[in-house]
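Summary of the model geometry
Spelled out from the first residue to the last, the chains are:
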Amino acid sequence: MTRDAFGVSRTTGSPQATPRQKLAEKALLLHFALFERSVQSSARAPYGRAVNRSRLRRSRMLAESLREAVSRTVQVQNLFVRAGPSTDMLVTISGPPGSGKSTVASALADHLDYDHISGGDIFRELADDRGLSLEEFNELAEEDSQIDKDLDRQLRETARERDDVVLESRLAGWMAGEYADIKIWLDAPLSVRARRIAEREEKTPATARAETEKREDSESARYADYYGIDFDDLTIYDLSVNTARWGPDAVTDIVLYAVDNYAPSSDEGPAPIENVEYEF
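Predicted, not measured: the structure shown is a model, and the values here were computed from it.

This next bit is on the overall build of the chain. Looking only at helices and strands, the chain features 10 helices and seven strands. For the chain, the residues scored as buried account for 39% of the 280 residues in total. Considering only contacts within the chain whose residues lie at least 6 apart along the sequence, 74% involve residues at least 24 apart. Only carbon and sulfur atoms are counted for the fraction: they give 49% of the accessible area of the chain, which is about 15,900 Å².

With respect to the helices and strands, the residue Gln154 is situated in helix 6 (residues 145–161). Along the chain, Gln154 and Ile122 lie 32 residues apart, while their C-alpha atoms are 9.7 Å from each other.

So, on to helix 8 (residues 190–201). Counted at 1.5 Å a residue, the expected span for helix 8 with its 12 residues is 16 Å, and the 16 Å between its end C-alpha atoms agrees. The set of residues buried in helix 8 consists of Leu190, Val192, Arg193, Ala194, Ile197 and Ala198. Its buried side turned inward, helix 8 meets strand 6 (182–187) and helix 9 (205–227). With its phi angle positive at about 55°, Glu202 sits one or two positions after the end of helix 8.

The next thing to look at is the packing of helix 3 (residues 101–112) against helix 10 (residues 248–260). At their nearest, the axes of helix 3 and helix 10 sit 10 Å apart, and the two run at 45° to each other. Between helix 3 and helix 10, the crossing angle belongs to the class labelled oblique. The two elements helix 3 and helix 10 meet at a crossing, and its hand is right-handed. Residues Val104, Ala107, Leu108, His111 and Leu112 of helix 3 form the contact with helix 10, whose participating residues are Val251, Thr252, Val255, Leu256, Val259 and Asp260. Looking at the contact of helix 3 with helix 10, its residues break down into eight nonpolar, two polar and one charged.

Further remarks concern the nonpolar core. Leu90, Leu167, Leu171, Trp174, Tyr227 and Ile229 are the most contacted members of the largest nonpolar core, which has 20 residues in total. Only helix 6, strand 5 (165–168), helix 7 (172–176) and helix 9 provide two or more residues apiece to this core. Per-element tally for this core: the top contributor is helix 7, with four residues. Once residues within four sequence positions are removed from consideration, Trp174 is found in contact with Ile229, Asp230, Phe231, Asp233, Ile236, Tyr237, Ile273, Val276 and Tyr278. Within the second largest apolar cluster, 18 residues are counted, among which are Met89, Ile93, Ile182 and Val241.

Our next topic: the sheet that holds strand 5. If you walk across this open sheet you meet the five strands as 4-5-3-6-7, and the pairing is parallel. Looking along the sheet, the strands with just one partner apiece sit at the ends: strand 4 (115–118) and strand 7 (239–242). Mean inter-strand twist for the sheet, computed between neighbouring axes without regard to direction, equals 20°. Against the sheet, helix 10 touches strand 3 (90–94), strand 6 and strand 7, its axis set at about 170° to strand 7.

Here is what the cut-offs are and how they apply
Residues numbered from 1 in each chain as written. Predicted model: local features only at pLDDT ≥ 70, side-chain atom pairs only at ≥ 80, totals over all residues. Heavy atoms only, no water. Helix = DSSP H or I, 4+ residues; strand = E, 2+ residues; numbered from the N terminus. Buried < 20%, exposed > 50% of the residue type's maximum accessible area, 1.4 Å probe, protein only. Contact = heavy atoms within 4.5 Å. Areas by Shrake-Rupley, 256 points an atom, 1.4 Å probe, with all protein chains shown as cover. Expected span 1.5 Å × (residues − 1). Axes fitted to C-alpha atoms, helices over the stretch in contact; angles between N-to-C directions. Parallel < 35°, antiparallel > 145°, perpendicular 65-115°, else oblique. Left-handed = near helix turned anticlockwise from the far one by under 90°. Nonpolar A, V, L, I, M, F, W, Y, C, P; charged D, E, K, R; others polar. Core = buried A, V, L, I, M, F, W, Y, C linked by side-chain atoms within 4.5 Å. Pairing = 2+ DSSP bridges.

Here is the structure:
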């Protein structure tokens, strides 16, 4: 433990803080420095008058109390600053439309310096290639099962062959299966997700809700038929977060903290994925 120029103790050799954490720490230290300077100034005796030693003693005690408060704050913050996992991992981010998957997966990939592979992006690209909207392409997938299976095969192969990836799709946890190190599920009430989708795609919440319900019902039925997967079974996931309860930054922080603090040495094993038929 060392003390910086302001006397605030900190852990030596601690991992690098994020820009937001650095800014918060600088603000704390600046407030302390300004306060300490004002204490020193106010404790000086005016010209021609004796020093008020009682006042000086109280001022110093107050300054020391504030110093310790700042020190404790920085120490607590250091508990949440991690360098990330020591080995490359495969992390999956799953959830229904509008749950915040892409936002969190992108932030996590940046944090870990991993590639971010999105099943939703691949599906949209396939739809664009055919000149179809997402809804139209989804209807086509109901008739042609190979559309879904080609995408799922890509996800499964990526999970089997790579470790330095954040894999994001509604089915990512199931497709990665035993190859995933951490499987995360994000969700929110349908009304919240419909509002988010409406804002993102510039449509009414009612329209977004109807399209989302139709899409989810269709996908649930298809994947139960293809692979025997029950989307309502969340037992396969290591972490589940209701993204309606926290803002995007807070949800991201929850996920980052869980991933950064994962230690294989203390891992007693994931929930098994059973009775899934990976036939593409």
